[in-house]
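Chain by chain, the residues:
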Amino acid sequence: MLPDLAFHSPQFLWGLLLLPLLIAAGLWEKRRRAVLRFSAAHVFAQHRKGLRTYLLPLLPLLRLVAVASAVVALARPQTRDTRVRDLNVEGIDIVVALDLSTSMEAGDFRPQNRLHVAKEVLADFISSRVNDRIGLVVFAGSAYTQAPLTLDYGVLKEVLRQLRTRVLEDGTAIGDALATSLNRLRDSDAKSRVVVLITDGDNNAGKISPLDAAGMARSLHVPVYTILVGKGGKVPFPQGTDLFGNTVWRETEIPINPELMQDIASSTGGEYYRATDPEGLKQGLQKVLDSLDRTKLLEGGASANYRENFHPYLLLAFGLAVLELFLRSTLLKVLP
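Residues numbered from 1 in each chain as written. Predicted model: local features only at pLDDT ≥ 70, side-chain atom pairs only at ≥ 80, totals over all residues. Heavy atoms only, no water.

## Regarding the overall build of the protein
So, point 1. A count of helices and strands for the protein gives eleven helices and 13 strands.
So, point 2. Among the 336 residues that make up the protein, the fraction classed as buried is 40%.
So, point 3. Residue pairs in contact within the protein that sit at least 24 positions apart in sequence constitute 81% of those at least 6 positions apart.
So, point 4. Entry remark: accessible area of the protein is about 20,100 Å², with carbon and sulfur atoms responsible for 57%. (Helix = DSSP H or I, 4+ residues; strand = E, 2+ residues; numbered from the N terminus. Buried < 20%, exposed > 50% of the residue type's maximum accessible area, 1.4 Å probe, protein only. Contact = heavy atoms within 4.5 Å. Areas by Shrake-Rupley, 256 points an atom, 1.4 Å probe, with all protein chains shown as cover.)

Dropping the structure here:
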């Protein structure tokens, strides 16, 4: 179905009544214009009319269309979509805890490493949200808040883009990451609060054990959704570069602990997912959203979506007015 046309300020359409007045004024001016009487008019009748003669009547027409377009622009025409926007806006407070340990450089997600793929998938995930506040916690040997809960997805994606490994002390402090994430959600008034933990290894650092942090999440009624990234076992890992600058890969054992991820998820009311490729990681994040209860932030009925369309009419009015003034003072200038 085609979108409906509506006017934000229809009262300005009364200005179209000026058009008959302009036509009457033009006719009156033409009648009052002096006429040059010439007794030998048959001499001019023998010659063909030039292009200028045919274009002269267009000047009043240009003025009429310019005025009509200006009036329509003042009335602010808008297109109204047939789709109705629900004002029962729902949202979730989500904190993503992302592993930045050096093991995220493993190349089992070739042609890119685990971190690169995780950042791409998270960027798409952020772009797909509308009303969810999202925060970002990063961790390796320790955990830090990289971005607090925000609706500014542009800033969040820029922060995500700049993330690198080997910036934090190496290690995998899963317990500290969960505790830091819960701290960001502690003062949240959203009914639905969740932590999404993305890691590729086993807990081997930090001051808080993962199960103790899971107990904190359970007491705060915050489910933790865990996504274990990578295939586990021996995987390609960068060992520097050769003489030509190419990355040298070597099979390296990277320990994982799927049982721990399952325990954290099940004890907090979340779910556990395994991602062995980019598509698996994307599906894991989508399943997290599909399983959540949403919080109603605003209450109301429904509202149609409007889009302003006065710009073309305004440009047309301006362009025709300028064209008429130019022609009237140059090519089509009439001498009294």
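That covers the picture; the talk isn't over yet.
## Topic: empty space enclosed by the protein
So, point 1. Taken as a whole and judged by the stated rule, the model has one cavity of 30 Å³ or more.
So, point 2. As for the largest cavity, its lining consists of Val-96, Leu-122, Ile-126, Ile-134, Gly-135, Leu-136, Leu-156 and Leu-160.
So, point 3. Breaking the lining of the largest cavity down by element, the ones donating at least two residues are α5 (114-127), β5 (133-139) and α6 (153-161).
So, point 4. If you tally residues by element for the lining of the largest cavity, the top one is β5, at three residues. (1 Å grid on protein atoms, 1.4 Å probe; cavity = no way out; pocket = protein on both sides within 12 Å on 5 of 7 lines; lining within 4 Å. Points joined across faces, edges and corners; volume = space filled by probe spheres on them.)

## Section: the confidence of the model for the protein
So, point 1. The pLDDT averaged across the protein works out to 80; a share of 81% of its residues lies at or above 70.
So, point 2. No element of the protein has a lower mean pLDDT than strand β12 (residues 295-296), which averages 44, and none a higher one than helix α7 (residues 174-185), which averages 95.
So, point 3. The model gives residues 83-87 a pLDDT under 50, and that stretch makes 14 contacts with residues more than four places away or in other chains.
So, point 4. Contacts from residues 293-302, a stretch scored under 50 in pLDDT, to residues over four places away or in other chains number 32 contacts. (pLDDT = per-residue confidence, 0-100.)

## Focus: unusual backbone geometry
So, point 1. A positive phi angle, near 55°, is found at Arg-76, a position not held by glycine.
So, point 2. Counting through the fold element by element, Arg-76 comes out in the loop between α4 (58-74) and β2 (77-86).
So, point 3. The partly exposed category is assigned to Arg-76, whose relative accessible area is 28%.
So, point 4. Although it is not a glycine, His-221 adopts a positive phi angle of roughly 60°.

## Thoughts on the sheet that holds strand β11 (residues 272-275)
So, point 1. Spatially, the six strands line up as an open sheet ordered β6-β5-β4-β7-β8-β11, and their pairing is mixed. Edge strands, defined here as strands with exactly one partner in the open sheet, are β6 (143-150) and β11. Along the sheet, successive strands turn relative to each other by an average axial angle of 15°, direction set aside.
So, point 2. As paired elements, strand β8 (residues 224-229) and β11 share four bridges and run parallel to each other. Counted as the bridge partner of Ile-227 is Tyr-273 from β11.
So, point 3. Against the sheet, α5 contacts β4 (93-99), β5, β7 (193-199) and β8, and its axis sits at roughly 170° relative to β4.
So, point 4. Contacting β7, β8 and β11, helix α9 (residues 258-268) runs over the sheet at an angle of about 165° to β8. (Pairing = 2+ DSSP bridges. Axes fitted to C-alpha atoms, helices over the stretch in contact; angles between N-to-C directions.)

## What about the pairing of β6?
So, point 1. As paired strands, β5 and β6 are joined by five bridges and run antiparallel to one another. Pairing of Leu-136 across the sheet is with Ala-147, part of β6.
So, point 2. Adjacent in sequence and paired antiparallel, β5 and β6 are bridged by three residues.

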